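Survey of secondary and tertiary structure
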Amino acid sequence: MEIEKLKRERAVDAVYKVLRQAILNSTLKPGERLHIDQLSEKLDVSLTPVRNAIQQLATEGLVEVLPRSGTFVASLSPKDVEETFDIRCALECLAAEKAVERIQATDLKRLKALVQSLRKPVKNEQDRLQHERDNNDFHFSIIRLSDNQRLYEVYNSLNAHLKIAHIHMGIDSGVSRLKEEQDEHEEIFGALEARDVARVTIAMRHHITRARDSLIASLKEA
Ligand SMILES: [Zn+2]
């Protein structure tokens, strides 16, 4: 009985991971219909773990289950981006403000290394992935420095949307805005190092608002 249960849980987890990855790397495209029976056949599992995994992805906002029409990979509208980034901006400004009180020399060292790594040119897909990891790491480090578990959880629940958003942006528009982004990260770091609350809030708001606007512009272009 116990072994059965464990196996079933693992199948859901495995299906969840595979589908999530496929959505985030655009193997499954925004708006694409998901057929539960086809997926279960392809992944060689029964229908139940596929259904449960899809349920989980729907909770995260990566999948949309529309009654009577079907299950689809979530697509992002400019309005979705605007809403998500506005919340992100509020949370990250608050986190940065709190971080100023708590930041230690070791944290500054770590953030500095990330800012330097984010300066590296982005020439290919590998660089782009590394850049995205460093960028996530930079922003999450500031969120963690707020030492507010609830803030962290709310922020974390927004992340999936941001990842889809990044993919929509594609490599070209991302690269052309890289210089701006690098300067913004450096300004955020500089303000944290100077322990300047007003400056860090302005820098963070500017960075996220600019990212929001570029993303909305790319979505409208596409
Ligand atoms: Zn950033």
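Residues numbered from 1 in each chain as written. Predicted model: local features only at pLDDT ≥ 70, side-chain atom pairs only at ≥ 80, totals over all residues. Heavy atoms only, no water.

This part is about the overall build of the chain. When its secondary structure is counted, the chain shows 9 helices and 3 strands. Sequence-ordered secondary structure for the chain, helices as α and strands as β, is α-β-α-α-β-β-α-α-α-α-α-α. In the chain, buried positions account for 43% of the 222 residues. Surface exposure of the chain reaches about 12,800 Å², of which carbon and sulfur atoms provide 51%. (Helix = DSSP H or I, 4+ residues; strand = E, 2+ residues; numbered from the N terminus. Buried < 20%, exposed > 50% of the residue type's maximum accessible area, 1.4 Å probe, protein only. Areas by Shrake-Rupley, 256 points an atom, 1.4 Å probe, with all protein chains shown as cover.)

The subject of this paragraph is the pattern of salt bridges. For the structure shown, the criterion picks out 11 salt bridges. A salt bridge links R210 to E184, with the shortest nitrogen-to-oxygen separation between them at 2.8 Å. Within this pair, whereas R210 is found in helix α9 (residues 197-221), its partner E184 is found in helix α8 (residues 178-193), the two being separated by 26 residues in sequence. The burial state of R210 is the same as that of E184; both residues are buried. Between E187 and R199 there is a salt bridge, and its shortest N-O distance comes to 2.9 Å. Taken together, the residues span a long stretch of sequence, with E187 in helix α8 and R199 in helix α9 at a distance of 12 residues. E187 sits in the partly exposed class, given a relative accessible area of 33%. (Salt bridge = Lys/Arg side-chain N within 4 Å of Asp/Glu carboxyl O.)

Another aspect to go through is the coordination of the zinc ion. The protein atoms that coordinate the zinc ion are N135 (OD1), H139 (NE2), H185 (NE2) and H207 (NE2), at distances of 2.1 to 2.5 Å. Each of the 4 donor atoms bound to the zinc ion contributes to angles spanning 80 to 168°, and the resulting shape is irregular. All donors of the zinc ion come from a single chain, and their spacing in sequence reads N-x3-H-x45-H-x21-H. Of this pair, N135 sits in helix α6 (residues 125-145) while H207 sits in helix α9, and the two are 72 residues apart along the sequence. N135 gets classed as buried once you look at its relative accessible area, which sits at 9%. (Donors = N, O, S within 2.8 Å, 3.2 Å for Na, K, Ca; no water. Tetrahedral: all angles 85-135°; square planar, octahedral: opposite > 155°, others 65-115°.)

Right, let's talk about the side chain of S40 for a bit. Mapped onto the secondary structure, S40 falls in helix α2 (residues 36-43). Residues in contact with S40, not counting those within four places in the same chain, are V45, S46, L47 and V50. (Contact = heavy atoms within 4.5 Å.)

What follows covers the packing of helix α4 (residues 78-102) against α6. α6 packs onto α4 with a crossing angle of 60° between their chain directions and a minimal axis gap of 7 Å. Our classification of the angle between α4 and α6 gives oblique. For α4 against α6, the interelement crossing comes out left-handed. Contacts between α4 and α6 involve R88, L91, E92, A95, A96, K98, A99 and R102 from the former and H139, I142, I143 and L145 from the latter. Looking at the contact of α4 with α6, its residues break down into 7 nonpolar, 1 polar and 4 charged. (Axes fitted to C-alpha atoms, helices over the stretch in contact; angles between N-to-C directions. Parallel < 35°, antiparallel > 145°, perpendicular 65-115°, else oblique. Left-handed = near helix turned anticlockwise from the far one by under 90°. Nonpolar A, V, L, I, M, F, W, Y, C, P; charged D, E, K, R; others polar.)

Another aspect to go through is the side chain of H207. A relative accessible area of 4% places H207 in the buried class. A polar contact is formed between the side chain of H207 and the side chain of H185, at a distance of 3.2 Å. Ignoring any residue separated from it by four or fewer positions in sequence, one finds H207 in contact with H139, E181, E184, H185 and I188. (Polar contact = N/O pair within 3.5 Å; in protein donor to acceptor, adjacent residues only side chain to side chain.)

Here we take up α4. Given a rise of 1.5 Å per residue, 25 residues ought to cover 36 Å, and the 35 Å separating the end C-alpha atoms of α4 matches this to within 8%. Among the residues of α4, V81, T84, F85, R88, C89, L91, E92, C93, A95, A96, A99 and V100 are the ones counted as buried. (Expected span 1.5 Å × (residues − 1).)

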